[in-house]
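Read off the chains here:
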Amino acid sequence: MMRLRQYLICAAAIAGLSLAGCSGTNLVPNTGPSSDGEGGQPGPSFTQFTDIPMPSNSSLDMDKSIIFGASDAWHGRLVMNAGGSPAQMYDFYEREMPNFGWSKVTVVRADISVLVYDRENRVATIKLTGGSFAGSIVDITVSPKG
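Residues numbered from 1 in each chain as written. Predicted model: local features only at pLDDT ≥ 70, side-chain atom pairs only at ≥ 80, totals over all residues. Heavy atoms only, no water.

### Things to note about the nonpolar core
Right, so step 1: With 24 residues, the main nonpolar core has Ile52, Tyr93, Ile126, Val138 and Ile140 as its most contacted residues.
Right, so step 2: Counting residues per element, the ones that place at least two in this core are strand S5 (75-82), helix H2 (86-96), strand S7 (113-119), strand S8 (122-130) and strand S9 (136-144).
Right, so step 3: By residue number, the principal contributor to this core is H2, which donates 4 residues.
Right, so step 4: Ignoring sequence-local partners within four residues, the contact set of Ile126 consists of Tyr93, Met97, Ser113, Val114, Leu115, Tyr117, Val138, Asp139 and Ile140. (Core = buried A, V, L, I, M, F, W, Y, C linked by side-chain atoms within 4.5 Å. Buried < 20%, exposed > 50% of the residue type's maximum accessible area, 1.4 Å probe, protein only. Helix = DSSP H or I, 4+ residues; strand = E, 2+ residues; numbered from the N terminus. Contact = heavy atoms within 4.5 Å.)

As structure tokens, this is what we get:
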């Protein structure tokens, strides 16, 4: 029984490390259709994620993100540290998601805000929380519909 448990833990660790390699460590900022709302300047998005707006003051947390696929067919979880407050990030995503073809399903605006959108055969859930010192944490999960 103990040996089986050790085997499962080892297998889970190896699978986790293997999947972490799929998240793509070569993300390069590029200009996307989003703007950060300050002076109308275009904000960067990451080339692997052309269908989700990325605030210009954000950085990807590679340790907490896991992505399968690429371009407009990816699924998984993106976790970003953003310089804006949760309220600013809420306004940003509510304004920008429709510009990327996403339709609002439901939203909850609170200390921890959640926005849910759908697009074609996928659903995006955006969770916004306050950061440790300043800014906010943006947690985006995209999964197949149904």
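### Focus: the side chain of Thr129
Right, so step 1: Along the chain, Thr129 falls in strand S8.
Right, so step 2: Setting aside residues up to four positions removed in sequence, Thr129 forms contacts with Pro86, Asp111, Ile112, Ser136 and Ile137.

### Observations concerning the environment of Asp63
Right, so step 1: Tracing the backbone shows Asp63 in the loop between strand S3 (58-60) and strand S4 (66-68).
Right, so step 2: Judged by its relative accessible area of 78%, Asp63 is exposed.

Any functional reading would require information that these geometric values do not contain.
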